[in-house]
Amino acid sequence: AKMPASGLAPVLLGFLLMWRTPTAARSHPQHSGCRLVQTAAHCNNGTLTSVPAGLPGDIEELQLNNNRIQTLQDDSFRYPRLTSLSLACNQIHKLQSNTFRDSKLLQSLNFAKNRLYMNQEESSRALRTLPRLRFLDLSENFLDEDMAGALLQNLTSLEYLNLSGNLLKRLDGSSFRDLLQLKELDLQRNVVFEIDGAFGSTPQLQRLNLAFNYLPCLYDFHMTHLVVLNASYNAIEWFISRPDLNETFQLETLDLSHNRLLFFPFLPGRSRLRKLDLSHNSVRFYERLGANATKTNLTTTVDFYNVNQDRKNITVQLWDESLHGDVSSVEILDLKGNQVEYFPAGFVQKMPALQRLHLCTNCLETLNLTSERFSGSLYELDVSNNRLSQLVADEGAATALGNLTYLNLSLNRLERLPAGLFSWLPSLGSVDLSYNKVGICLPGEANLSVDALSTCADWRNVTSLRRLYLRGCDLKTVPPSAFGGLPLTHLELSDNVGLIVQEALQSLSGTLQHLGLGNTRIQDLDFSGFNSLTFLNISRNSLAHLPPSLLDLDLKGLVLDLRDNKLSVLPTDQARTLAAKLQKVFLRGNPFNCCQIQWLQALEAVSVVGRSELECEDLVFGTHRVDRSDLFVCQKEGGESFVWYILLFLPICLSFLGILVIVLQTFRPKMPQKSIQKKCLKPTSY
């Protein structure tokens, strides 16, 4: 029978709706609390105790994080196209042998924060059925080295392995025996105290993280293919590379920070090392000690015992140029927080590629830019917080530092500088002289010979300078021409008590973005014209009101620091005007009046740092948090003043106290005469 055209339309529409139903389900499905996004199923943060059934059979990614799954049963994953599976933060303690029988394409598997320290043998059999597994996360599973070894058997395709946050103590040749393709290994936050040939079977390993363990040393380092080694936060006292290897090491980043290093590490003889982080150790150099050893009967050698599995010991000179290895490609050297007093002769010259040198918090007393001969590639030099009392430089050596952009000399003992130092550095963009006793040159002083040492600093012709930090330099008066011609965007003058700087700042009104005037005792500084400001610090200045010129500025996104002043109230109209200009404001440490705190509402759209901890004082001088208005003692609007009640009640109290004293004096019993007292008090013969 023929179907009429009019009857065919409903049937076709029905087929169309049936065909579109799976597509719609892909956009907004709900399968046992799961959300489907294209070929991924997100079933996180629920109460699932097993793998949900009924998911589309063609999913490629499945996330089951933060659930309550304890066991993965055989045939739990009937998804043949599944390549990524995440089960972090469950309670999984067992994988049955055929768990992944139907998911042979799995490449990424995340078991972080589970309990795989139990049933390792059966769980291991399940993992071995995954021939394409490349990524495996077993972090925080309470695994020791034997448990981890059992789980990792025959995982020859694995490229990334995360074992962080476990209980591994000793690593040997059997630990990663089958991981021939491993490229990245994370072992941080274990309790590893010994490594004995553990990486001999991982020739492809490029990134190794050993941070936050208990390693006492790293010796016989011969991993020529390793690119990144992080051994920070251990107890390492010395690092020794194998000296007899002629192969070039691929190591580019070596992090030995926060250890107990006494010596500069014995690096490979041929390497591509670019970043060397030795911060927060006890590194120093011993060249001078070795040179004076014959005079003081000191030894000139150091013996390293228990090296190379007790086959032999190593005896080295206190400073031997061959020991520090190849540093010719080092671009970043971080030595902050050590005990460096000087560099051995020629040491700096061996780093022609050096770009950043961090030496803050050491024991340097002299810095000689002339003799050290820093490379022209150096653009960041930080020698802050040392004992520098002398800085030596000549025009030739300083001009060679054509790329030096950042120079930090703060927190030293400098009182004199080479007169032409800053004008010799053509690319200088940031200078920090904070907490030294170096002043700013007056016009007459600036004409001194550039070869002389000067007690003041001169920035003439330094048109590249953008940031200048002079905090705590005991400055009193800044010459009007001090910053003339400088395109400064950042100027820090805080902690110069009694500073007079108004005239000098006017030349910077068009460029200045960051201005620090905290703890300078300024009162009514004129900010007219400073329309580029984005940060202003006028904290700790005993200000009772805001500078009027600040309210007239055309600003957007200003960060204003008003802490520790004497502000009791901000007029509401001023607060509204200020709110339109501010992004963030610091207000703590001011004696705000609780009874006049309504202005704070005008700053509702502004980020008031520590708003919930802001305090104020009420009429009886009680201190409260501004959000506890129920505790304020204030005069009600239209009512009589609270003070008048105190003044009225005080005379009444004084009158009552006077009457009480008179009554007590009137009715006080009379004392007996002294003669009677003496007679009665005479001792008897008894």
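In the block above lies the structure referred to throughout.
Residues numbered from 1 in each chain as written. Predicted model: local features only at pLDDT ≥ 70, side-chain atom pairs only at ≥ 80, totals over all residues. Heavy atoms only, no water.

### So, the sheet that holds strand β40 (residues 615-617)
Pairing in this open sheet of three strands is mixed, and the strands run β38-β40-β41 from one edge to the other. Two strands lie at the open edges of the sheet, namely β38 (592-593) and β41 (623-625), each paired on one side alone. Inspection of the sheet shows β38 paired to β40 by two bridges, in the parallel sense. Bridging from a neighbouring strand, F592 pairs with C616 of β40. (Pairing = 2+ DSSP bridges. Helix = DSSP H or I, 4+ residues; strand = E, 2+ residues; numbered from the N terminus.)

### Section: the pattern of salt bridges
Side chains bearing opposite charge may pair, as long as their charged atoms lie close to each other. Following the criterion strictly, the structure yields 20 salt bridges and no others. Among the ionic pairs, R207 bridges to E184, the shortest N-O distance being 3.9 Å. Here R207 is found in strand β13 (residues 207-209), whereas its partner E184 is found in strand β11 (residues 184-186), with 23 residues between them in sequence. Residue E331 is joined to R274 by a salt bridge in which the shortest nitrogen-to-oxygen separation is 3.2 Å. Pair noted here: E331 is in the loop between β20 (312-317) and β21 (332-334) and R274 is in the loop between β17 (253-255) and β18 (275-277), with a separation of 57 residues, a long-range link. (Salt bridge = Lys/Arg side-chain N within 4 Å of Asp/Glu carboxyl O.)

### Some thoughts on the side chain of S124
In this structure, S124 sits in helix α2 (residues 120-127). With a relative accessible area of 0%, S124 lands in the buried category. Setting aside residues no more than four positions away along its own chain, S124 makes contact with A150, L151 and Q153. (Buried < 20%, exposed > 50% of the residue type's maximum accessible area, 1.4 Å probe, protein only. Contact = heavy atoms within 4.5 Å.)

### Comments concerning the packing of aromatic side chains
Aromatic ring pairs: the centre-centre distance and the angle between the two ring planes describe each pair. On inspection of all chains with the given rule, the structure shows 17 aromatic pairs. Pairing Y219 with W238 gives two aromatic rings, centres 6.4 Å apart and planes at 35°, and the pair type is tilted. Placement of the pair is Y219 in strand β14 (residues 218-221) and W238 in the loop between β15 (228-230) and β16 (239-241), with a sequence separation of 19 residues. We classify Y219 as partly exposed; its relative accessible area is 28%. (Phe/Tyr/Trp six-rings, centres within 6.5 Å; stacked < 30°, edge-to-face > 60°.)

### Structural notes on the state of the cysteines
Evaluation of the coordinates by the stated rule reveals three disulfides. Across a sulfur-sulfur distance of 2.0 Å, C34 and C43 are joined as a disulfide pair. What sets the handedness of the C34 and C43 disulfide is the S-S torsion sign, and at about 115° it is right-handed. Judged by its relative accessible area of 0%, C34 is buried. What pairs with C441 in a disulfide is C456, and their sulfur atoms sit 2.0 Å apart. The sign of the S-S torsion, about 90°, decides the handedness of the disulfide formed by C441 and C456: right-handed. With a gap of 15 residues between them, C441 in the loop between β29 (439-440) and β30 (453-454) and C456 in strand β31 (residues 456-457) connect regions that are remote in the sequence. Assessed through its relative accessible area of 5%, C456 is described here as buried. (Disulfide = S-S within 2.5 Å.)

### Side note on unusual backbone geometry
The phi angle at S542 is positive, at roughly 60°, despite the residue not being glycine. Here S542 shows up in the loop between β35 (535-537) and α10 (548-551). We note that D564 has phi near 55°; this positive angle belongs to a residue other than glycine. Positionally, D564 belongs in the loop between β36 (558-561) and α11 (572-579).

### Digging into the layout of surface pockets
Roughly 310 Å³ of volume is contained in the second largest pocket. What lines the second largest pocket is a set of 18 residues, and nearest its centre among them are R288, Y342, F343, T366 and E372. For the lining of the second largest pocket, the secondary structure elements donating two or more residues are β23 (366-368) and α6 (369-372). Counting residues per element, the lining of the second largest pocket draws most heavily on β23, which supplies three residues. (1 Å grid on protein atoms, 1.4 Å probe; cavity = no way out; pocket = protein on both sides within 12 Å on 5 of 7 lines; lining within 4 Å. Points joined across faces, edges and corners; volume = space filled by probe spheres on them.)

### Some words on the pairing of β36
Consecutive side chains along a regular strand alternate between the two faces of the sheet. The alternating pattern of β36 places L558 and L560 and V559 and D561 on opposite faces, both of which are buried. Bridge analysis of β35 against β36 gives three bridges, and the strand direction is parallel. By the bridge assignment, N537 is partnered in β36 with D561. Inspection of the sheet shows β36 paired to strand β37 (residues 582-586) by four bridges, in the parallel sense. The partner of L558 across the bridge, within β37, is L582. Handedness of the crossover joining β36 and β37 through α11: right-handed. (Right-handed = clockwise from strand over helix to strand, strands pointing away.)

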